[in-house]
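As a plain string of letters, each chain reads:
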Amino acid sequence: DMKVTQMPRYLIKRMGENVLLECGQDMSHETMYWYRQDPGLGLQLIYISYDVDSNSEGDIPKGYRVSRKKREHFSLILDSAKTNQTSVYFCASSPGTAQDTQYFGPGTRLLVL
Amino acid sequence: QQKVQQSPESLTVSEGAMASLNCTFSDRSSDNFRWYRQHSGKGLEVLVSIFSDGEKEEGSFTAHLNRASLHVFLHIREPQPSDSALYLCAVSRGTGSKLSFGKGAKLTVSP
């Protein structure tokens with residue numbers, strides 16, 4: 001059963017604190033993604049990773065960075081979180097490119113106070 | 001940049017009545033279309049993928065693509081209350097990895 005996991009599921013941080021969101025997949029997928037979902041804006045792509053240490057900015061990368069040191073793990077880092085980064089963050093993975101189905105994790109709800 | 005719009009924003013149907021959702025895209029060269037479903041507080045699950053004009057059926061879900069008119073539809077046959085969710089259209093072009101999503105359509109199926 002193909003699975004994408006995300007940790008933590010819920011997180012409350014104060015403005016200025018660092019945030020680490022973790023994503024894992026057990027399908028040996030090459031490509032992984034980070035999105036955020038906000039009411040009225042839909043899903044927005046933050047970063048794509050094509051494989052280990054091969055990352056590319058998405059549509060809204062400002063304020064975020066990523067790390068992929070193992071194929072099965074992809075981390076999203078917020079250095080000095082801002083209140084406008086309060087959102088639901090989704091990780092996804094696909095075998096190759098967007099031509100392949102993207103499989104999504106359950107999401108992380110982040111509240112930045 | 002690809003624009004993906006969905007209509008209606010919300011829809012309520014009775015249990016067993018057909019539900020139809022519309023997705024309009026802007027790039028006529030798009031060749032990869034997917035419908036996802038998201039139950040409240042959950043992640044996205046893919047329902048049906050379609051890559052050429054015509055219809056593609058997966059269980060009670062049918063996608064209908066007409067690239068000339070820039071539309072892809074999702075028809076849900078005999079929906080149940082458990083089908084109440086947010087439905088998202090996703091579109092991409094070529095071998096690039098960026099998927100463009102619509103904002104979603106909220107479907108409510110009343111018993």
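Residues numbered from 1 in each chain as written. Chains lettered and ligands numbered in written order. Predicted model: local features only at pLDDT ≥ 70, side-chain atom pairs only at ≥ 80, totals over all residues. Heavy atoms only, no water.

1. Concerning the interface of chain B and chain A
A common way to report how large an interface is uses the accessible area buried once the components associate. The interface of chain B with chain A comprises 24 residues on the first partner and 26 residues on the second. The contact between chain B and chain A buries some 1,700 Å² in all, and 49% of this surface belongs to carbon and sulfur atoms. Scanning the region where chain B abuts chain A turns up 1 salt bridge. Where chain B packs against chain A, one counts 5 residue pairs in polar contact (both at pLDDT 80 or more). (Contact = heavy atoms within 4.5 Å. Buried area = accessible area lost by both parts, 1.4 Å probe. Salt bridge = Lys/Arg side-chain N within 4 Å of Asp/Glu carboxyl O. Polar contact = N/O pair within 3.5 Å; in protein donor to acceptor, adjacent residues only side chain to side chain.)

2. Focus: the environment of Phe51 of chain B
With respect to the helices and strands, Phe51 of chain B occurs in the loop between strand E5 (44–50) and strand E6 (54–58). Distance in space between the C-alpha atoms of Phe51 of chain B and Lys3 of chain B is 18 Å, their sequence separation being 48 residues. (Helix = DSSP H or I, 4+ residues; strand = E, 2+ residues; numbered from the N terminus.)

3. Some words on the packing of aromatic side chains
Applying the stated rule across the entire model yields 9 aromatic pairs over all chains. On the numbers, 6.1 Å between centres and 25 degrees between planes, the contact of Tyr33 of chain A with Tyr35 of chain A is stacked. Residue Tyr35 of chain A is classed as buried on the basis of its relative accessible area, which comes to 1%. Measuring from centroid to centroid gives 5.6 Å for Tyr35 of chain A and Phe101 of chain B, while their planes differ by 85 degrees, and the two rings are edge-to-face. With Tyr35 of chain A in strand E4 (residues 31–38) and Phe101 of chain B in strand E10 (residues 100–101), the pair connects residues from two separate chains. Through a chain of ring-to-ring contacts, the aromatic side chains of Tyr33, Tyr35 and Phe104 of chain A together with Tyr36 and Phe101 of chain B assemble into a single cluster. (Phe/Tyr/Trp six-rings, centres within 6.5 Å; stacked < 30°, edge-to-face > 60°. Buried < 20%, exposed > 50% of the residue type's maximum accessible area, 1.4 Å probe, protein only.)

4. Some remarks on the nonpolar core
Residues and elements named next belong to chain B. Ranked by size, the top nonpolar core spans 25 residues in total, and within it Trp35, Val72, Leu74 and Tyr87 carry the most contacts. Contributions of two or more residues to this core are made by strand E3 (19–25), strand E4 (32–38), E5, strand E7 (61–66), strand E8 (71–76), strand E9 (85–92) and strand E11 (105–110). Aside from chain neighbours lying at most four places away, what touches Leu74 is Ala19, Ser20, Leu21, Trp35, Leu47, Val48, Phe61, Thr62 and Tyr87. (Core = buried A, V, L, I, M, F, W, Y, C linked by side-chain atoms within 4.5 Å.)

5. Re the sheet that holds strand E3 (residues 19–25) of chain A
Residue and element names in this part refer to chain A. Strands sit in the order E1-E3-E8-E7 across an open sheet of 4 strands; the sheet is antiparallel. A single partner strand is all that each edge strand has here, and the edge strands are strand E1 (4–7) and strand E7 (65–70). Recorded for the sheet is a direction-independent mean angle of 20 degrees between the axes of neighbouring strands. Here 4 bridges tie E7 to strand E8 (residues 73–78), and the two strands are oriented antiparallel to one another. Among the inter-strand pairings, Ser67 is bridged to a residue of E8, identified as Ser75. (Pairing = 2+ DSSP bridges. Axes fitted to C-alpha atoms, helices over the stretch in contact; angles between N-to-C directions.)

6. Comments concerning the sheet that holds E6 of chain B
Residues and elements named next belong to chain B. An order of E1-E3-E8-E7-E6 is seen for the 5 strands of this open sheet, with the pairing classed as antiparallel. Two strands bound the open sheet, and with one partner strand each, they are strand E1 (4–7) and E6. Pairs of neighbouring strands in the sheet enclose a mean axial angle of 20 degrees, with direction left out of account.

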